[in-house]
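Here is what each chain is made of, one letter per residue.
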Amino acid sequence: MLLAGAACLGGGLLPWPAFGELAGRTVPVLAFVVAMTVVTELVDDAGLFRVVTDRISALGRGRVFLLWLFVLALSSVATAFLSLDTTAVLVTPVVVLLAVNARIPPLPFALSTVWLANTASLFLPVSNLTNLLAQSNMALSPLGFARLMWAPAAVGVLVPALLLWLAFHRDLTGRYGPQPVHPAGDRTLLRASAGTLLVLLPALVSGIAVAVPATAAAGFLVAMFLWRRPSALHWSMLPWRPLMLTAGLFMVVETLHSHGLTEALAPAAGTGETFPDLLRLAALGAGSANVANNLPAYLALEPVAGSPLRLGALLIGVNLGPLISPWASLATLLWHERLQSLNLRVRWGGFAVAGLVAVVLALPLAVLALWLGNGMP
């Protein structure tokens, strides 16, 4: 995809002024993605996610339902503050292994992480790359973004959780025995990682450009690992493939906009801010995400959104909607890779049907929450 974008630029299809504007907007976002990937990989290597799940296991007091509620909370918080990819890649394995060790069917726990990785990514700008792109157009602070999106984000957590409970309530009752504790190999690195997150998380919603605290946190943790465990540092922890894919998508979609994509999509997207207008835009975003992927769907439709409220509806579509096709969200594909490494099989047919039910129920309710919470224009 990066080669396709470069070809568009080199062949003159993407004008240089448009490329310069695109780069000025997206390079800081991509820098943030790289820095946060390094942070989460090193925090995981220090054992923090394993320690958290050990604590959750203890707090569950042997009750499966209570343990599942804590897993929902962990998935939501990790998604909101550390991004949906973190939940898909790092939270999923420890949660699934927790269920396996407790002799609980792991499928409801695995589905909880992937559904909330997508649907809980409406809370904050840093939750999803699409949010960071939208925030720059909305001209909102992180807290302003949260005030706009908190109600649809809450719907995005509660509706999937209710559906999972209805589908798996037999597996989510009963009790489990005491679970083994996994002591950290290096307590200095563990404390450094925990302290870094305690400082980083509020910094990400402070209004400072998010790439700044993320880069500082990544630099500090790299220095700590160079001191304590240099063998853990390797170039493969950088997200090369997603980075090249994302950069290429930015360039290809910008090329299409330069040749009339906005005008072609405008009739389908509409223009108003009534509930039917917002639902129409959100449904178009969800459908486009499941046909292609949520990032190009957002990039294609962003120019026809036009206002913070309409951008919020578009985010509902492209963030909450990708629960049907496996390629609708990169997080879903990464989640599936982790499940395969754990020898846990998921049938894509059943996944799509369940996801369709969740989207059909949750998307209109989330749009309604957005509309009611912001003035009912």
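Residues numbered from 1 in each chain as written. Predicted model: local features only at pLDDT ≥ 70, side-chain atom pairs only at ≥ 80, totals over all residues. Heavy atoms only, no water.

### Focus on the environment of Leu 3
To keep things clear, this is the line we draw: In this text, helices come from DSSP runs of H or I with a minimum length of four residues, and strands from runs of E with a minimum of two, each type numbered from the N-terminal end.
Inspection of the secondary structure puts Leu 3 in helix α1 (residues 2-10). Through-space distance from the C-alpha of Leu 3 to that of Met 244 is 8.8 Å; in sequence the pair is 241 residues apart.

### A short note on the pattern of salt bridges
The criterion, for reference: Should a side-chain nitrogen of Lys or Arg be within 4 Å of a carboxyl oxygen of Asp or Glu, the pair is scored as a salt bridge.
Tallied over the entire structure, the rule returns 2 salt bridges. Put simply, Arg 229 and Asp 45 hold a salt bridge, and the shortest N to O gap is 2.4 Å. Separated by 184 residues along the polypeptide, Arg 229 in the loop between α10 (211-228) and α11 (240-258) and Asp 45 in helix α2 (residues 16-45) bring together distant segments of the chain. Here Arg 228 and Asp 186 are joined by a salt bridge, their closest N and O atoms 3.0 Å apart. Of the two residues, Arg 228 is situated in helix α10 and Asp 186 in the loop between α8 (142-168) and α9 (187-204); the sequence distance between them amounts to 42 residues.

### As for the nonpolar core
Test applied: Here, nonpolar core refers to any group of buried Ala, Val, Leu, Ile, Met, Phe, Trp, Tyr and Cys residues whose side-chain atoms link them within 4.5 Å. Partly exposed residues are those whose accessible area sits between 20% and 50% of the maximum for their type, while under 20% is buried and over 50% is exposed, using a 1.4 Å probe and protein chains only. Contacts are assigned to residue pairs that have any heavy atoms within 4.5 Å of one another.
In terms of nonpolar packing, the biggest core is built from 131 residues, with Phe 32, Phe 109, Tyr 298, Leu 315, Ile 316 and Trp 335 touching the most fellow members. In terms of residue count, α8 provides more of this core than any other element does, 13 residues in total. If sequence neighbours within four positions are ignored, Phe 32 has contacts with Val 126, Leu 132, Leu 204, Val 210, Ala 211 and Ala 214.

### Some details on the packing of aromatic side chains
Definition in use: Stacked, tilted and edge-to-face are the three classes assigned to paired rings of Phe, Tyr and Trp, where Trp is represented by its six-membered ring and a pair needs centres within 6.5 Å; plane angles under 30 degrees give stacked, over 60 edge-to-face, the rest tilted.
Taken as a whole and assessed by the stated rule, the structure comprises 6 aromatic pairs. When the centroid spacing of 5.1 Å and the interplanar angle of 65° are considered together, the rings of Phe 65 and Trp 165 count as edge-to-face. Of this pair, Phe 65 sits in helix α4 (residues 64-82) while Trp 165 sits in helix α8, and the two are 100 residues apart along the sequence. With relative accessibility at 28%, the residue Trp 165 sits in the partly exposed group. Ring pairing ties together the aromatic residues Phe 65, Trp 68 and Trp 165, which thus form one cluster.

### Brief notes about helix α17 (residues 348-373)
Formally: Any helix carries an expected span of 1.5 Å times its number of residues minus one.
Taking 1.5 Å of rise per residue, the 26 residues of α17 would be expected to cover 38 Å, and the 35 Å separating its terminal C-alpha atoms lies within 8% of that figure. Looking at α17, one finds that the buried residues are Phe 351, Gly 355, Ala 358, Val 359, Ala 362, Leu 363, Ala 366, Val 367, Ala 369, Leu 370 and Trp 371. Buried residues belonging to α17 abut α6 (107-119), α8, α13 (275-291), α15 (308-320) and α16 (330-341).

### As for the packing of α2 against α11
Our working definition: Inter-axis angles, ranging from 0 to 180 degrees, are taken between N-to-C directions of lines fitted to C-alpha atoms, where helices are fitted over the stretch in contact. We call two directions roughly parallel when the angle between them is under 35 degrees, roughly antiparallel when it is over 145, roughly perpendicular when it lies between 65 and 115, and oblique otherwise. The hand of a helix crossing depends on one turn: near helix anticlockwise from the far one by less than a right angle means left-handed, and clockwise means right-handed.
One way to put it is that α2 packs onto α11 with a least axis distance of 11 Å and a crossing angle of 155°. Considering their axes alone, α2 and α11 lie roughly antiparallel with respect to each other. Considering the relative orientation of α2 and α11, their crossing is right-handed. For the pair α2 and α11, contact is made by Ala 18, Phe 19, Leu 22, Thr 26, Leu 30 and Val 34 and by Leu 243, Thr 246, Ala 247, Phe 250, Met 251, Glu 254 and Ser 258, respectively.

### Focus on unusual backbone geometry
Excluding glycine, most residues fall at negative phi; most peptide bonds, likewise, are trans. The backbone of Arg 61 sits at a positive phi, close to 50°, despite the residue not being glycine. You can see Arg 61 is positioned in the loop between α3 (48-59) and α4. The phi dihedral of Arg 103 is positive, around 60°, even though this residue is not glycine. Tracing the backbone through its elements, the reader meets Arg 103 in the loop between α5 (84-101) and α6.

### A word on the side chain of Arg 310
Rule in force here: Positive charge is attributed to Lys and Arg, negative charge to Asp and Glu, and no charge count is given to His or to the chain ends.
Mapped onto the elements, Arg 310 comes out in helix α15. Despite being buried, Arg 310 has no salt bridge partner; Asp 277 is the closest side chain of opposite charge, sitting 5.9 Å away.

### As for the side chain of Thr 332
Looking at the element boundaries, Thr 332 is found in helix α16. Beyond its immediate stretch of four places on either side in the chain, Thr 332 contacts Val 114, Asn 118, Pro 322, Pro 326, Trp 348 and Phe 351.

### Digging into the environment of Val 291
On the secondary structure map, Val 291 appears in helix α13. The exposed category is assigned to Val 291, whose relative accessible area is 68%. A C-alpha to C-alpha distance of 44 Å links Val 291 and Pro 183, two positions 108 residues apart in sequence.

### Side note on the packing of α13 against α17
Following both chains from N to C, one finds α13 and α17 inclined at 135°, their axes separated by 10 Å at the closest point. On the basis of the axis angle, α13 is oblique to α17. Along this stretch, α13 crosses α17, giving a crossing that reads as right-handed. Here Phe 275, Leu 278, Leu 279, Ala 282, Ala 283 and Ala 286 of α13 come into contact with α17, specifically with Leu 363, Pro 364, Val 367, Leu 368 and Trp 371.

### Regarding the confidence of the model for the protein
Operational definition: Note: pLDDT gives the predictor's confidence per residue, expressed from 0 to 100.
With 99% of its residues at a pLDDT of at least 70, the protein reaches an overall mean of 88. Mean pLDDT in the protein bottoms out at α1, which sits at 74, and peaks at α8, which reaches 95.

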